[in-house]
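Here's the letter readout for the chains.
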Amino acid sequence: MSAVSDRLPTFPWDKLEPYKATAAAHPGGIVDLSVGTPVDPVPDLIQKALVAAADSPGYPTVWGTPELRDALTGWVERRLGARGVTHRHVLPVVGSKELVAWLPTQLGLGPGDRVAYPRLAYPTYEVGARLARAEHVAYDDPTDLDPAGLKLLWLNSPSNPTGRVLSKEELTRIVAWARQHGVLLLSDECYIELGWEAGPVSVLHPDVCGGSYEGIVSVHSLSKRSNLAGYRAAFLAGDPEVLGPLLEIRKHGGMMTSAPTQAAVVAALGDDTHVREQRERYAARRTLLREALLGHGFRIEHSEASLYLWATRDESCWDTVSHLAERGILVAPGDFYGSAGERFVRVALTASDERVAAAVERLK
């Protein structure tokens, strides 16, 4: 056990505890803008679907019910513009973090293989490589990487933490490069329905992939779009030559989404109204927080999509975390996402309207 845990970095969020205590001591209470966890209610139609499927005494299947696969393929075609998507092109997973952390291991990667991810990135990309004992490398432009030994390339658009969106032209160029060099490309698109000043595009769009899903897989989550972080509901879409073996591995490992959750996902993906309503909530909070941060002397970079504002006061991120904690506001230090973020903080939009209003008042 210790041999496995010794491969991993220190869990970054533990470092934030003293600042959390400072923020919590504020007379008006803490405004926690650090972790991007949804706070709004699960839409009623999804709750009802979950309850209706509660009497599920048998084991669910790893591949999901035919109804679930229909919902996944239908959403991928309707929302992402993909074409010719069949059940073989989709695979439900138990939340996207589980997938990211264990994918290199499930792909059979190990010493001598390399996993690449953006310079500023979700830390679990690196964790997945470490768990598999593969090498890991961060990039600014993936096409500048040495393809030798590179087995897995992560894209993330819209980005966590920066909110940056890769253009259709950039995605097309990167997909072509990965195929040229035989590199499997995984595109983390969990925030694709949360574009503000840019329209995120999937690698599965025919203008990007040329209508072929060879060598590409996209990752999608219902945590943010439908407030289902507590349900652990996500899925993959793309190359069946990749998803087929993953399905067999996950069958052996018993990595199955619960039957009630599968029913809830069917309801969630079949309804666009609740997604639009949640977007409007986040857009209103984003406007208020953005204006308050700018008025307080921050500069905001990228942030054209996703659930975060990538902000700086041109000082150490920990000085900024301390400054805000004294005002009862907790944010994430940018160096959690790589050394390139050491002068930024990530400000989440996932707080109630009342808590966002409190943060705005404190920043005046």
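Everything below is about the structure shown above.
Residues numbered from 1 in each chain as written. Predicted model: local features only at pLDDT ≥ 70, side-chain atom pairs only at ≥ 80, totals over all residues. Heavy atoms only, no water.

(A) Highlighting the overall build of the protein. On a plain count of helices and strands, the protein comes out with 13 helices and 13 strands. Whereas a compact globule of 364 residues would reach a radius of gyration of roughly 21 Å, the protein reaches 20 Å, a difference of no more than 12%. Taken along its principal axes, the extent of the C-alpha atoms in the protein is 55 × 50 × 45 Å. Here the protein holds 364 residues, and the buried ones make up 55% of them. Long-range contacts, defined as pairs at least 24 residues apart, comprise 74% of the intrachain contacts of the protein with a sequence gap of at least 6. Summed over all atoms, the accessible surface of the protein reaches about 15,100 Å², with 53% contributed by carbon and sulfur. In the protein, which carries 38 positive and 45 negative side-chain charges, the distance between the mean positions of the two groups comes to 1 Å. (Helix = DSSP H or I, 4+ residues; strand = E, 2+ residues; numbered from the N terminus. Rg over C-alpha atoms; globule rule 2.2 N^0.38 Å. Buried < 20%, exposed > 50% of the residue type's maximum accessible area, 1.4 Å probe, protein only. Contact = heavy atoms within 4.5 Å. Areas by Shrake-Rupley, 256 points an atom, 1.4 Å probe, with all protein chains shown as cover. Lys, Arg positive; Asp, Glu negative; His and termini not counted. Charge placed at Lys NZ, Arg CZ, Asp CG, Glu CD.)

(B) Structural context of unusual backbone geometry. Residue Pro158 is reached from Ser157 by a cis peptide bond, and omega for that bond is -5°. Secondary-structure assignment places Pro158 in the loop between strand S5 (150–156) and helix H7 (168–180). The step from Asn160 to Pro161 runs through a cis peptide bond, and the omega angle for that step is 25°. Mapped onto the elements of the fold, Pro161 is located in the loop between S5 and H7. Positive phi is not limited to glycine here, since Ser303 has a value of about 60°. Relative to the elements of secondary structure, Ser303 occurs in the loop between strand S9 (299–301) and strand S10 (308–312).

(C) Local environment of the sheet that holds S10. On the basis of which strands lie adjacent, the open sheet formed by four strands has the order S9-S10-S13-S12 and antiparallel pairing. Since the sheet does not close on itself, it has two edges, and those belong to S9 and strand S12 (332–333), each with one partner. Pairing analysis gives four bridges linking S10 to strand S13 (residues 345–348), with the strands arranged antiparallel. Across the sheet, residue Ala311 finds its bridge partner in S13, namely Val345. Contacts from helix H11 (residues 273–295) reach S9, S10 and S13, with the element oriented near 0° to S10. (Pairing = 2+ DSSP bridges. Axes fitted to C-alpha atoms, helices over the stretch in contact; angles between N-to-C directions.)

(D) Representation of the packing of aromatic side chains. Following the criterion strictly, the structure yields 10 aromatic pairs and no others. A ring pair is formed by Tyr19 and Trp318, whose centres lie 5.3 Å apart and whose planes are at 40°; its orientation type is tilted. Residue Tyr19 is found in helix H2 (residues 17–24), and its partner Trp318 is found in helix H12 (residues 317–325); the two are separated by 299 residues along the sequence. Tyr19 gets classed as partly exposed once you look at its relative accessible area, which sits at 24%. Taking relative accessible area as the criterion, Trp318 reaches 18% and is therefore assigned buried. Between Trp318 and Phe336, the ring centres sit 5.9 Å apart and the planes meet at 65°, which makes this aromatic pair edge-to-face. You can see Trp318 sitting in helix H12 and its partner Phe336 sitting in the loop between S12 and S13, a full 18 residues away along the chain. Through pairs of rings, three or more aromatic residues link up here, namely Trp13, Tyr19, Trp318, Phe336 and Tyr337. (Phe/Tyr/Trp six-rings, centres within 6.5 Å; stacked < 30°, edge-to-face > 60°.)

(E) Region of interest: the pairing of strand S6 (residues 184–188). The buried count for S6 comes to five of five residues, which makes it a mostly enclosed element. Every second residue of S6 is oriented toward a common face, with Leu184, Leu186 and Asp188 on one face and Leu185 and Ser187 on the other, all of them buried. Bridging between S5 and S6 involves five bridges; their strand directions are parallel. Each residue of the ladder has a partner; that of Leu155, found in S6, is Ser187. A crossover connection joins S5 to the parallel S6 through H7; in handedness this β-α-β unit is right-handed. Looking at chain direction, S6 and strand S7 (residues 216–221) are connected through four bridges and run parallel. (Right-handed = clockwise from strand over helix to strand, strands pointing away.)

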